[in-house]
Number of protein chains: 2
Amino acid sequence: MDFAFDVISTEEYARQRESYGPLTDALRKLIDIGIHTAVDEATAREALEHLEKAAVLLEGEQRRATSTLRDAQSGRPIAWANPAVGLRNAIAPPMIVEHNRDGSCWSEFTLGPAYEGPPGWVHGGICALLLDHILGEVASLGLTQPRFTGTISLKYLRGTPLGQLRAEAFVERSEEIKTFARGYLKDEQGITVEAEGVFITPAWARDGDGSSKGGLATEAGGNFS
Amino acid sequence: MDFAFDVISTEEYARQRESYGPLTDALRKLIDIGIHTAVDEATAREALEHLEKAAVLLEGEQRRATSTLRDAQSGRPIAWANPAVGLRNAIAPPMIVEHNRDGSCWSEFTLGPAYEGPPGWVHGGICALLLDHILGEVASLGLTQPRFTGTISLKYLRGTPLGQLRAEAFVERSEEIKTFARGYLKDEQGITVEAEGVFITPAWARDGDGSSKGGLATEAGGNFS
């Protein structure tokens, strides 16, 4: 795991967002349109040529650092590339996570056809993706502390409809190396999915006492989102 | 929930796959390239114009039925639009799920930069998305039976590296309306994430005895993937 983030200035952040944000938005739109298009073969071929030309242009210069930048002001990582929150990853809705003063997090977002499981409803695994992410963010204090997902459990109370949704998460308690987080996915009528997760502080991040507890990181396992 | 699938012939399936499959593949490539592109503003604008032209072309004719087709030969739904397995959804890797004779399922697939959480590792929520889907498929006999996710629990034994992976799932046991499924995500070294899920048969699908058990569907809740 690489926690050595590069720092990016607020100006550079704004510049990159302005240059590349519209590209990601255009791709999100194309993902939605592409799923249900029924155009004839010639039109599909013409569209494909445009996509291929765009790919050649964008491939011209690639820089790997975009997932590991840290904002100079907030100190928080800029997760450009993240599939849940990444402003530059077209897979992400994106979920923009807001941090309350008490440490809890929330996000409001809209899920369209690309996230559909059964007709009209969000795929259960997409609910899991978004809840895993927001629980991980709250447990890691906005991704400023390394915390790996140890376990996460989801309880589906009812189907989650496509459209406007809200996710919330908070830390329930902490015990030594474990942080217990809880969260919800909600539609207008209330909670649709409940989540609880246990997040682990890796050995190398425990008060500089990595040597004596070194084995635990591997034993406890986990995954940082 | 709409389980009234349209039926599609093998020829029509092949035609749609040939016409639209390359579009989805081009979008998958663009998602990856878009995340890390560092081209100048003029080049980004030129690429954006191509994306916008492609969108106009593909928007010309839209048909909603693509998520609810059923293959005439196998009887299985064709989940074109699904964000885990959909051949026409650029969000999906896609995971192509194979069904063994004993009912168990497996899939081998490659996850690239679009699915990255921490540098080099799969986002924990993406592991959850894919495991939720394959457990749901095995519990619903290849999506031929309605089964809603009641609960799913994931245990992250260690980080899952980007690259070639394998998912597996099987039904452990069934008790009345509940199907207990279990599965794994694996890399070359073995299991990285364990999953277990409880899937619920909705009241309306229980041996035509929906009236006396009608309340359970709501109580049990759930989400069909």
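The rules behind each value
- Residues numbered from 1 in each chain as written.
- Chains lettered and ligands numbered in written order.
- Predicted model: local features only at pLDDT ≥ 70, side-chain atom pairs only at ≥ 80, totals over all residues.
- Helix = DSSP H or I, 4+ residues; strand = E, 2+ residues; numbered from the N terminus.
- Buried ≥ 20, exposed ≤ 12 C-beta atoms within 10 Å, placed from the backbone.
- Contact = placed C-beta atoms within 7 Å.
- Domains from an automatic or database assignment.
- Nonpolar A, V, L, I, M, F, W, Y, C, P; charged D, E, K, R; others polar.
- Least-squares fit on C-alpha atoms with pLDDT ≥ 70 in both.
- Expected span 1.5 Å × (residues − 1).
- Bend = angle between axes of the 7 residues up to and from the residue.
- Pairing = 2+ DSSP bridges.
- Axes fitted to C-alpha atoms, helices over the stretch in contact; angles between N-to-C directions.

Asker: So, the overall build of chain A: which residues are in play, and what are the values?
Answerer: Broken down by element type, chain A carries four helices and nine strands. Mapped in sequence order, the helices and strands of chain A form the string β-α-α-β-β-β-β-α-β-β-β-β-α. In chain A, which comprises 225 residues, the share counted as buried stands at 50%. Taking all contacts inside chain A whose residues are at least 6 apart in sequence as the whole, residues at least 24 apart take part in 61%.

Asker: Tell me about the domain arrangement of chain A, and name the residues and values.
Answerer: The parts lose accessible area when they come together, and the size of an interface is often stated as this lost area. All names here are of chain A. In terms of domain boundaries, chain A breaks down into domain 1 (1-91) and domain 2 (95-220). Counting residues per element, the side of domain 1 that touches domain 2 draws most heavily on helix 1 (residues 10-36), at four residues. Grouping the amino acids of the side of domain 1 that touches domain 2 by side-chain chemistry returns seven nonpolar, two polar and two charged.

Asker: Before we move on, can you summarise the relation of the copies chain A and chain B with the specific residues and values?
Answerer: When chain A is fitted to chain B, the residual RMSD is 0.0 Å, and the transformation amounts to a turn of 180° plus an axial shift of 0.0 Å. A rotation of that kind, with that shift, is consistent with a two-fold axis. Residue S153(A) of chain A places its C-alpha closer to the rotation axis than any other residue of that unit, at 2.1 Å. A share of 100% of interface residues in chain A that are also interface residues in chain B marks the association as one of identical surfaces.

Asker: Explain helix 1 (residues 10-36) of chain B residue by residue, including any values.
Answerer: Across its 27 residues, helix 1 of chain B extends 39 Å between first and last C-alpha, which sits within 8% of the 39 Å expected from 1.5 Å per residue. At Y20(B), helix 1 of chain B shows its largest bend, some 40°, and a proline, P22(B), comes one to four positions later.

Asker: Go over the interface of chain A and chain B, please, and point to the residues and values.
Answerer: Tallying the contact residues gives 87 residues for chain A and 87 residues for chain B. Among the secondary structure elements, those contributing two or more residues to the side of chain A that touches chain B are helix 1, helix 2 (41-59), helix 3 (124-139) and strand 6 (148-156) of chain A.

Asker: A description of helix 3 of chain A should follow, citing residues and the corresponding values.
Answerer: Helix length check: helix 3 of chain A (16 residues) gives 22 Å between terminal C-alpha atoms against 22 Å at 1.5 Å per residue, within 8%. Within helix 3 of chain A, 16 of the 16 residues are buried, which leaves it mostly tucked inside the rest of the structure.

Asker: Give me the environment of E137(B): which residues, what numbers.
Answerer: Residues and elements named next belong to chain B. Along the polypeptide, E137 turns up in helix 3 (residues 124-139). The class of E137 is buried, set by 26 C-beta atoms lying within 10 Å. For the pair E137 and H99, spaced 38 residues apart in sequence, the C-alpha separation works out to 9.3 Å. The contact partners of E137, leaving out residues within four places of it in the chain, are V97, C105, G142 and L143.

Asker: Run through the sheet that holds strand 5 (residues 105-111) of chain B, naming residues and quoting values.
Answerer: Picture the strands of a sheet paired through backbone hydrogen bonds; they go either parallel or antiparallel. In spatial order, the strands read 4(A)-5(A)-7(A)-8(A)-9(A)-6(A)-6(B)-9(B)-8(B)-7(B)-5(B)-4(B); together these twelve strands make up an open sheet with antiparallel pairing. Each of the sheet's edge strands pairs with one partner strand only, and the pair in question is strand 4 (98-99) of chain A together with strand 4 (98-99) of chain B. Across the sheet, helix 3 of chain A lies against strand 5 (105-111), strand 6, strand 7 (163-175), strand 8 (178-187) and strand 9 (190-200) of chain A together with strand 6 (148-156) of chain B, angled at about 135° from strand 8 of chain A, the strand it touches most. Against the sheet, helix 3 of chain B makes contact with strand 6 of chain A together with strand 5, strand 6, strand 7 (163-175), strand 8 (178-187) and strand 9 (190-200) of chain B, and its axis sits at roughly 135° relative to strand 8 of chain B, the strand it touches most.

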